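The residues making up each chain are set out below.
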Amino acid sequence: MSEMQSVENMVSIKIDGVEYKAKEGEYILNAARANDIFIPAICYLTRCSPTLACRICLVEADGKQVYSCNAKVKEGMEITTTTPNILEERRAIMEVYDVNHPLQCGVCDQSGECELQNYTLELEVDSQSYSIPDTKRETKNWSSVLHYDAGLCIVCERCTTVCKDMIGDAAIKTTKRGGAALDKSLRGNMPKDAYAMWNKLQKSIIAPSNGTENTDCSDCGECVAVCPVGALVSRDFQYTTNAWDLKRIPATCAHCSSGCQIYYETKPTSISDRTEKIYRVTNEWNYVSLCGAGRFGYDFENRVESKDTKAFANAITAFNKAKVINFTSVITNEEALMLQTLKEKKGIKLINREARAFQIFLDFYSKASGNSLYTTDFKEVMKSDFVMSLGTSLRNDNPNARYAFNNVQKMNKGAGIYFHPVGDTLVPTFGRTIEVFNHKVGYEEAVLLLIIELFADKDKLPNSVKEQLDRAKLVEALGGDSAKFEKSFDKMMKKKEKFSLIVGEDLYFHQKAENIAKLIAVLENCSDIKVAMIPPKTNSLGVALICDLDDEADGFTIGYNASGDFRLSALGDGDLDMPAMNQQEGTLTNMHKRVTPTNAGLDYHGYTLNDIMKEVLSAPTHTIDWTPLLPTDKGFKAIDFDSLPNGYSNDGTENRGYLLDTSTVEVGDIEVNKFDDSIALDGEIAYRCNPQRQFSDFTDKAHQIFEEFALYASPKKAESLGKRVVVEFDNGNLELDVKVDDRMAGDIVAIPDFKSAENIYELFGASRYQKVIIREV
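Residues numbered from 1 in each chain as written. Predicted model: local features only at pLDDT ≥ 70, side-chain atom pairs only at ≥ 80, totals over all residues. Heavy atoms only, no water.

(A) Spotlight on the domain arrangement of the protein chain. Along its sequence, the protein chain is organised into domain 1 (1–82), domain 2 (87–245), domain 3 (358–533) and domain 4 (685–776). One C-alpha centre belongs to domain 2, the other to domain 3, and the line joining them spans 41 Å. The interface of domain 2 with domain 3 comprises 8 residues on the first partner and 10 residues on the second. Of the roughly 690 Å² buried at the junction of domain 2 and domain 3 (both faces included), carbon and sulfur atoms supply 48%. When residues of domain 2 are sorted by the area they lose upon contact with domain 3, Asp165, Met166 and Ile167 head the list and together hold 61% of the total. At the boundary of domain 2 with domain 3, the tally comes to 1 salt bridge. (Domains from an automatic or database assignment. Contact = heavy atoms within 4.5 Å. Buried area = accessible area lost by both parts, 1.4 Å probe. Salt bridge = Lys/Arg side-chain N within 4 Å of Asp/Glu carboxyl O.)

Structure below.
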C-alpha cells in the first residue's frame, strides 16, 4: 500500500483469483496498475475522464463484461482480466486499428515508442481480417510547435481529452472526416466493439476546435506527449533523430515554481562532433503535465569549453571586496546555501526581490497562523471539489495552478471562483459553475473577507473580522450582483465537501500584505478551506527558506544572473560564466513543498559557484556535497544527493526527493485591521505579468519560446493604444511594442519581467500594479 492510500478507504478485491487492496471507488484499470497488473488500454489517461474510445481495456467483473477504465471497484469484487471472448474482442479491435495505418515505422517519429506496435505484438495480431475504404488524410501544422498527421491518427482521443480535462484549452476536438460511406457487408463476424471502432476510424478525425487550420492554444505540447502513435509530433523534433538514440536524464524543470518532473533527452550532435545536444524534453504524462516552457524551452545552456582563469581570478577579487550579492531565484538550494554562508561568514548582504517579498509574506502568515508553511499543495488542490483563486493570473503565473483549477471542474464535478483585476476569457470556460470577479486593484482584503463570510464558522471569528462581514456589500464592492451571486453560490455549494484556495504573487507584493496574511490565517482557523501558495519564481521557496535576505543594500555588488558591478552569468553575458540549470546537479524546492533532485542534461566545462566558495572561504568538493547540509530547522533533511529518489510509483505516488518537514505552534488571537479601500487604483494601470511560456531570461533564450518582451493588452485596449507606446512610471519609462492577448479582457495592460536587464522590478517597486501614463509613439 502506498503513502497516498489510507486504510479507511481501502477495499479488498480479487484480480485473476489473487486478493489485492484498492482504493474504494477507483477505476478497475487504475487499481490493477497500482498493483502491477497489466490491462491494455490506449485511450485512457490517469488524471482525465474516461472516453471509452479504444475499448481494449475489457475485463470481466463479477461475471459481467465491463470497460476497466470506466468501472469502479467495490468490496469483494472479482475481476478477470482475460477470457477467450475478451481476447477475441481485443484482437479484433487491434486489427481494425491496424487496417489502414501506414507501414512507415522505419521513418515515423515515434521510432519504436509506439503503443500501436506494442499492443499489436502483445495481442499477437499477425494477420488482417478486415478492410476500410481509404480516405483523404492530410498532414497539418496546427501551430508553431505542433504537426498533425491524420494518416497516422487512430482517433484514440487522448489529445483532445488532456487538452480539455487537464490543460483547459479544449483547443482540439474529434470531428467528422468525410469520405466514402461504410459498406456494412464488410462487417462479417466482427465483434461489436471492433465494429464501433471500424465506424469511428472511417468517420472521424482530430481538428482545431475553432474551425480554422490553427489551434487557439497555449502551445504546451501535452497532446504530443500523450499521443500513442506518431500522429502528433513537435515540428522542431520531427525527422531529427530516432528515440532509441537518445539518452534520458531525469531532471526538474527550471522555469516556474511547479518544479515539474522532466527528462532531458540528449545525444551527440554528430559522429564527428561529440558535443551533447538536448533534442527534446519528455515527461511522465500519467502523473504530471508540462507547460510549453517546460517542454520546449530546454536549450538555454551556457556553452563553455574551458575554464577562464583570468576571469576567475577577477571573480575572487570581486568576492573579496563585495558588500552585496544581487541574484534571482533561478538557482539551486545548494547555491542558495553557499550565498547564505557568504553572508554569515563575510557579512555580505543578499538581495532577491521576488524571494524577499515571498519570505516576508510567509513570515507574516506563520506568525498569524502558527504554521511554518502553507497548509496544502497543488496535488491536494486537485482532489478538492471547490477551488478559489486570488492574487494570481492563473493563465500566466503558474501553469500547474491553472491545470489544478481546471481539473477540479472537469474531474470532480467541481465549482470555482476566480478573483482577479485582469479580465481573462479562458478561465470561465473551465466549467459551468465558475464565478469570476474582476475586482478593483487593492481590493484583495475585501475578497478574503467575502470568502470568510461564505465559508467560516462565525462563532470562531475574531470580532475585528466579524464586524466587517456583510455578504451583499462585499459582493457589490467586488463588482458582482449580490442577488445573482446568492443564487449561483447556492448551486455551486451542492454536494461540495473539500475546499481549497490558491493564492499568488499579487498578495506578496501588496501594500497590505501583513493584514492579508492574517486574513488567510483566520480563514484556515475558522473554516475547512486549505490554502496553497504559488512561489513567484523557480526556486523562490527554497531561497526564502535558506537565505536571510535583505531589503536594501549599498556598495560593491556581485550580480548572479542579475545586475551588478561584477556579474556571474549562466547566460554567457557576464564577467564570469556559470552553468545554466540544465547543466547542474542539485535540488530545487517546488510549490508542492517538495525538495526535488535535478541532473545535468549537458556538460559544462567552466567554473561553478562552488569553485568560488573554495577560494573565498572553504567548501566541499562538489556542489551536491552541500545537499545534506541544507538547514533542517527550515524543514530540509540531511540526505545525500545520490540517495534522493526520483520517480513515480504505478499508483501515482510521487517519489521525487522528499517533502519539507512542517510544524505548527499555538498562537494567540489574531487582530485584523479594517479593510482600507482608499488604496484602490484607478485610471491607467499596468500589471507586472509575463506572457504564457515566458518566465525568465532562460525561457527567452530558448529558440522555441517566441513570446516577445512587449506590452500585452486585450484586443479592444490594444486597438486604442496603437502599435508602439511609451509607458511612464514614477521612476522611469519603457518604450514597448503593443501585442494583442486574445484571452485578456478589460483595460489593464501587462508588462513582462522576464528580461532581467530591463529592471522591471525597480519600475514596479513593492507592487505588481502601478498607475502609469501610456502614450503612443
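(B) How the structure looks around helix 13 (residues 399–411). Over its 13 residues, helix 13 extends 18 Å from the first C-alpha to the last, a length consistent with the 18 Å expected when each residue adds 1.5 Å. Where burial is concerned, most of helix 13 is hidden: 11 out of the 13 residues are buried. Listed in full, the buried residues belonging to helix 13 are Pro399, Asn400, Ala401, Arg402, Tyr403, Ala404, Phe405, Asn406, Asn407, Val408 and Gln409. N-capping of helix 13 is provided by asparagine 398, with a side-chain oxygen placed 3.2 Å from the backbone N of asparagine 400. (Helix = DSSP H or I, 4+ residues; strand = E, 2+ residues; numbered from the N terminus. Expected span 1.5 Å × (residues − 1). Buried < 20%, exposed > 50% of the residue type's maximum accessible area, 1.4 Å probe, protein only. Polar contact = N/O pair within 3.5 Å; in protein donor to acceptor, adjacent residues only side chain to side chain.)

(C) Region of the structure containing the side chain of arginine 158. When you line up the elements, arginine 158 lands in helix 4 (residues 158–167). Within polar-contact distance, the side chain of arginine 158 engages the backbone oxygen of valine 226 at 2.8 Å.

(D) Examining the packing of aromatic side chains more closely. The final tally for this structure, using the stated rule, is 24 aromatic pairs. Seen in terms of ring centroids, phenylalanine 300 and phenylalanine 698 are 5.9 Å apart; in terms of plane orientation they differ by 70°. Their pairing is edge-to-face. Here phenylalanine 300 is found in the loop between helix 7 (292–296) and helix 8 (309–321), whereas its partner phenylalanine 698 is found in helix 22 (residues 697–701), with 398 residues between them in sequence. When sorted by exposure, phenylalanine 300 lands in the same class as phenylalanine 698, which is buried. Between phenylalanine 405 and tyrosine 418 the ring centres are 6.5 Å apart and the planes differ by 75°, which places this aromatic pair in the edge-to-face class. Taken together, the residues span a long stretch of sequence, with phenylalanine 405 in helix 13 and tyrosine 418 in strand 17 (residues 415–419) at a distance of 13 residues. Residue phenylalanine 405 is classed as buried on the basis of its relative accessible area, which comes to 0%. (Phe/Tyr/Trp six-rings, centres within 6.5 Å; stacked < 30°, edge-to-face > 60°.)

(E) Summary view of the nonpolar core. Membership of the largest hydrophobic core comes to 155 residues, with the highest contact counts inside it found for Phe327, Leu501, Met533, Leu568, Leu576 and Ile612. Sequence-distant contacts of leucine 568, that is, excluding residues within four places in its chain, are made with Phe319, Ile558, Gly559, Tyr560, Asn561, Leu576, Met578, Leu609 and Ile612. Listed in part, the 50 residues of the second largest apolar core include Cys54, Cys108, Ile172 and Ala194. (Core = buried A, V, L, I, M, F, W, Y, C linked by side-chain atoms within 4.5 Å.)

(F) Spotlight on the pattern of salt bridges. In total, this model carries 48 salt bridges according to the counting rule given. The salt bridge partner of lysine 200 is glutamate 157, with a shortest N-O separation of 2.5 Å. Here glutamate 157 lies in the loop between strand 7 (146–149) and helix 4 and lysine 200 lies in helix 5 (residues 192–203), a separation of 43 residues in the sequence. The same class applies to lysine 200 and to glutamate 157, which are both buried. Across the salt bridge formed by aspartate 737 and arginine 724, the nearest N and O atoms sit 2.7 Å from each other. Taken together, the residues span a long stretch of sequence, with aspartate 737 in strand 31 (residues 732–740) and arginine 724 in strand 30 (residues 724–729) at a distance of 13 residues.

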